[in-house]
Amino acid sequence: MKILESRYLRAAAVAAAASLPLAFQAGEAAAAKVDGPKVEWNFAMWGSSRALSINIEELARMVSEATDGKFTIKIHWGAALAPEKEQIDGLKIGAYESTLAVVDYSPGKFPGLGGPSLPFLPVPNEHISSAVRFAYFSHPGVQRDMKAWDSVFAMPVLVPSYEYMGTGEPPKGVESYKGMRVRAIGGLGDAMRSLGAAPVSFVSTEVYNAMERGILDAAAFGYYAHKAYKLYTISKWYTKGMDMGRPSGYVAHGQKAYDALPPQYRKLLDDSARPATKIQADKYQEIEDEAEALFKKAGLTLVEVGPELREEFIKIGARPVWDAWVKEVTEKGYPGQELLDLILKTAKAGQS
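Here the structure is a predicted model, which is why all the values come from computation and not from measurement.

Trainee: Would you mind going over the overall build of the chain with me for this structure?
Mentor: Secondary structure assignment for the chain yields twelve helices and eleven strands. The C-alpha radius of gyration of the chain comes to 21 Å, within 12% of the 20 Å expected for a compact globule of 352 residues. Relative to its 352 residues, the chain shows a buried fraction of 55%. Long-range contacts, defined here as pairs at least 24 residues apart, represent 77% of the contacts in the chain between residues at least 6 apart. Accessible surface for the chain amounts to roughly 15300 Å². Of this, 54% is attributable to carbon and sulfur atoms. Each charge sign in the chain was given a centre, from 41 positive and 42 negative side chains, and these centres are 2 Å apart.

Trainee: So what exactly am I meant to see when it comes to the nonpolar core here?
Mentor: Looking at soluble globular proteins, one finds that nonpolar side chains tend to be buried together. By size, the foremost hydrophobic cluster in this structure holds 117 residues, and its most contacted members are Y164, M192 and Y250. The biggest single contributor to this core is helix α10 (residues 263–297), with ten residues. Not counting residues within four places of it along the chain, the set of residues in contact with M192 comprises Y164, Y177, V182, A184, A197, M242 and M244.

Trainee: How do you make sense of helix α6 (residues 186–194) when you look at a structure like this?
Mentor: Residues three or four positions apart in an α-helix share a direction because the helix packs 3.6 residues into each turn. Looking only at α6, the buried set comprises G187, L188, G189, A191 and M192. Buried-residue contacts for α6 involve β5 (163–166), β6 (181–183), β7 (198–200) and α11 (307–331).

Trainee: Honestly, unusual backbone geometry in this entry has me stumped. Any pointers?
Mentor: In most cases, non-glycine residues show a negative phi, while peptide bonds are predominantly trans. Phi angles above zero are rare outside glycine, and F120 is one such case at about 55°. When you line up the elements, F120 lands in the loop between β3 (98–102) and α4 (126–137). Here K230, not a glycine, exhibits a phi torsion of approximately 60°, which is positive. Considering the arrangement of structural elements, one finds K230 in the loop between α8 (223–228) and β9 (237–240).

Basis of the calculations
Residues numbered from 1 in each chain as written. Predicted model: local features only at pLDDT ≥ 70, side-chain atom pairs only at ≥ 80, totals over all residues. Heavy atoms only, no water. Helix = DSSP H or I, 4+ residues; strand = E, 2+ residues; numbered from the N terminus. Rg over C-alpha atoms; globule rule 2.2 N^0.38 Å. Buried < 20%, exposed > 50% of the residue type's maximum accessible area, 1.4 Å probe, protein only. Contact = heavy atoms within 4.5 Å. Areas by Shrake-Rupley, 256 points an atom, 1.4 Å probe, with all protein chains shown as cover. Lys, Arg positive; Asp, Glu negative; His and termini not counted. Charge placed at Lys NZ, Arg CZ, Asp CG, Glu CD. Core = buried A, V, L, I, M, F, W, Y, C linked by side-chain atoms within 4.5 Å.

Here it is in structure tokens:
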């Protein structure tokens, strides 16, 4: 812990100084929708502004507008406050007030939160994905994982269903993935292992160099990320219709910081979460279409995965992973089957 505290010492000092409430002056914000003192939160994020961060940026915009700038959330990009895999650690020691916790980057830290990242779930779009994730992360059966990091679930971060992009010969079927070195995290990696591939859990910002150097043959992302990380510039092919799943992650507020907020600010944060996430879900299809147009222009080969082939992927790669996950988390004291049923029932309800 001493090493960790040293790493975050500077970030903590900046965050603490910025987030101290100032004395509220009567009448100063009479026109604000939500009245209250001056508060600034710091949000630890990596990379730059992109589709993944839409609901985070919308949340920051909404709370600032509703309070006439009295409650602000400052997003620190480029892993300036903490590395990708350690952002939840910094949140726990109070280095900042909010962050994005990607469960699949550090699954050992969140044993019960990996359900939404199981492979090939019947989640066809981002609106259904949103419903599944809000239901899952709000379930009492997984709350202990969040409490272990002194965090509060705010909202999920949506990611379009993963498709592959890679170098070398385009795959022609299930057999083509045997021996392939792929970037696939969480349950998606488990599914690829069942198919005979060799999954590696690189964080997103490391993938370009790994593919360029030949350490990886292919990487799984939503199209927007293949575009954002410029993987299409060094790749030869991409899949469509594989729809292999989405990683699991949530926006986490620090418990102490959240509890210290005036009640009206806590309510504002809570009330803004779903609208912010809906904006992200609405925007994704447009972003994905733009990215695919870029891949076609770059001359990449399209590898279409039809329903029959996808069913083959599910039979070999997905169902064994679902069953193993239920068994594993149940042995750790989580209601595994109940959580899987919640995902499937919520997804089905969204399609009716």
